[in-house]
Amino acid sequence: MSHLHLPDGVLPWWLWLGALAATLVAVLAALKRLEGRRRMLPAVAVMAAASLAAANIPLGLPLHVNLAALAGIVLGPALGFLAVFVANVFNTLIGHGGLTVLGVNALLVGSEALAAGGLFRLLGGSRRLLLNTCLSVLAALLLSLALAAAVAGAAGVELEALASHVHNGRHAPAGAGEFWATFVAIMAPLAAVWLAVELALTLLIVGYVRKVRGGWLERG
Amino acid sequence: MDIAVLDNLAVNHSCWLQRCSAPAKALFAIGILVLLLTTRSLPFLGALALFLFALAAANCLPWRVLGSLALLPMLFAAVFAVSLGDWRTGLLVVGRAGLAGWTAAVVFATTPPVRLLGLLAAPMPPVFGELLYFTYRALFLLGSTLADALTAVRLRRGREGFSLARLKAMARVYGMLLLRAWDLAGRQYELLRLRGLGEGLRVSLDRTWRRPDWALLVMLILLTAGWYYV
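Residues numbered from 1 in each chain as written. Chains lettered and ligands numbered in written order. Predicted model: local features only at pLDDT ≥ 70, side-chain atom pairs only at ≥ 80, totals over all residues. Heavy atoms only, no water.

## What to know about a positive patch on the surface
Together, Arg-33, Arg-37, Arg-39 and Arg-121 of chain A give the surface a local cluster of positive charge. When you line up the elements, Arg-33 of chain A lands in helix H1 (residues 13-36). (Patch = residues over 30% accessible without salt bridge, like charges linked within 9 Å, V, L, I, M, F, W, Y side chains within 5 Å. Areas by Shrake-Rupley, 256 points an atom, 1.4 Å probe, with all protein chains shown as cover. Salt bridge = Lys/Arg side-chain N within 4 Å of Asp/Glu carboxyl O. Lys, Arg positive; Asp, Glu negative; His and termini not counted. Charge placed at Lys NZ, Arg CZ, Asp CG, Glu CD. Helix = DSSP H or I, 4+ residues; strand = E, 2+ residues; numbered from the N terminus.)

Below you can see the structure in the form of structure tokens.
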């Protein structure tokens, strides 16, 4: 759920540092794969750029899509994750999403590419294109939402500790549970709309691409 | 976010920060980030904000561009702040996010992309540099096509709110964009390969330490001293 665009300073150090290390390992593995398949380099770059451009498509709603799941379906899980990471690097460079949380943001959005790409192939790929796309994208978006909710929980614990420090221990902590409940209450309606729009848009794009260039997704 | 505006600033804007080397600016940005993440003092955060705004003003950087880029992290930090329900900590969280975003935007707007991408790619395998460079090119390929397509859609459909019909139209725009960019990228990549990309050509890394870099370093040391004493 890239719309979270996690900023710097809300997550505990062990979480963002661990996520950076995990992302680095995943990216190096994906780059090794890309080394052996150089002809895929422009495809990965285009998907990364398309993911950034998708944010500029006006939907008439106060949110945007990232189409990371589509990147996973088109490029496969590893290269899809790489495309998402590169898109996140550019987002970080312009201040959209923090530098320290690059790993967490990449893992949250990259999980969509990993899950959708993996599940799409597991279900038989483009044999039943729309059904397989629908199932794999839905599962990927739900997984990403669950991970985002868990990260928000960790942020709650960190921010409660910060509040206690700011008030020199005189702050009566509301509890991470209360933080999480308020956070979910704010984000849940947006997340529900985002999930529906991202799923619908991915299906419509896949349908359009199949109509104008049949076989492209199979080749991709 | 209009990447062309930022690219134009990064390449053509003439200012003192522009003359600093990319590694010095990266070091400065990391230093600011460390100060932001470790401070719990609102007065220090306020002073740091004033310093960063003054730095942008002294370099004649457009406030509207930087401000719009820093606004998004502040918006998301505000969600965390509201959930926390403590205004003092909330202000600290929003301030940290906004100033981190502002600093990143200042560095991006004053560093030619090739230098910045070269710095990022330096510790990674060479293919990563190529990927960053090519993604940056693809952003412009897609950007102009997307702008044209959206103008055509607006002229044809007029202004409209959210609807399934609009979603369908946007899906067609995106699908067309994706296929066109895919075709163009393949040809462009072949062209760049002929020019040497991927054959030992690394995205260049600027390693020279220039005179303005010392000024950045001194500023960072002074800010660190302020952080220590507040």
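## Here's the deal with the confidence of the model for chain A
Averaged over every residue, the pLDDT of chain A is 86; the share at 70 or more is 93%. For chain A, the element scoring lowest by mean pLDDT is helix H8 (residues 216-219) of chain A, at 68; H1 of chain A scores highest, at 94. (pLDDT = per-residue confidence, 0-100.)

## Brief notes about the side chain of Thr-23 of chain A
Residues and elements named next belong to chain A. Among the structural elements, Thr-23 can be located in helix H1. Residue classification places Thr-23 among the buried positions, given a relative accessible area of 2%. A polar contact of 2.7 Å, which involves the side chain of Thr-23, links it to the backbone oxygen of Ala-19. In this view, Thr-23 contacts Phe-81, Phe-85, Gly-103, Ala-106 and Leu-107; residues no more than four positions away in its chain are not counted. (Buried < 20%, exposed > 50% of the residue type's maximum accessible area, 1.4 Å probe, protein only. Polar contact = N/O pair within 3.5 Å; in protein donor to acceptor, adjacent residues only side chain to side chain. Contact = heavy atoms within 4.5 Å.)

## So, helix H6 (residues 113-121) of chain B
Where H6 of chain B is concerned, the buried positions are Pro-113, Leu-116, Leu-117, Gly-118 and Ala-121 of chain B. Among the structural elements, helix H4 (77-93) of chain A together with helix H1 (3-12), helix H5 (87-109) and helix H7 (126-157) of chain B are those in contact with the buried residues of H6 of chain B.

## Thoughts on the interface of chain B and chain A
Taken together, the contact pairs 68 residues of chain B with 77 residues of chain A. Summing the contributions of chain B and of chain A, the shared interface buries around 6700 Å²; its carbon and sulfur component is 80%. Taken as a group, Phe-80, Tyr-174 and Trp-182 of chain B account for 13% of the area that chain B buries against chain A, more than any other trio of residues on that side. For the pair chain B and chain A, the interface holds two salt bridges. Arg-38 of chain A serves as the salt-bridge partner of Glu-130 of chain B, at 2.7 Å between the closest nitrogen and oxygen. Counting every contact that joins chain B to chain A gives four residue pairs in polar contact (both at pLDDT 80 or more). Where the side of chain B that touches chain A is concerned, the elements lending two or more residues are helix H2 (22-38), helix H4 (63-84), H5, H6, H7 and helix H8 (164-194) of chain B. With 19 residues, the single largest contributor to the side of chain B that touches chain A is H8 of chain B. In terms of residue class, the side of chain B that touches chain A is made up of 51 nonpolar, seven polar and 10 charged. (Buried area = accessible area lost by both parts, 1.4 Å probe. Nonpolar A, V, L, I, M, F, W, Y, C, P; charged D, E, K, R; others polar.)

## Observations concerning the environment of Leu-192 of chain B
Residues and elements named next belong to chain B. When you line up the elements, Leu-192 lands in helix H8. Under the relative-accessibility criterion, Leu-192 is labelled buried at 7%. Remark: the alpha-carbon pair of Leu-192 and Phe-134, spanning 58 residues in sequence, is separated by 9.5 Å.

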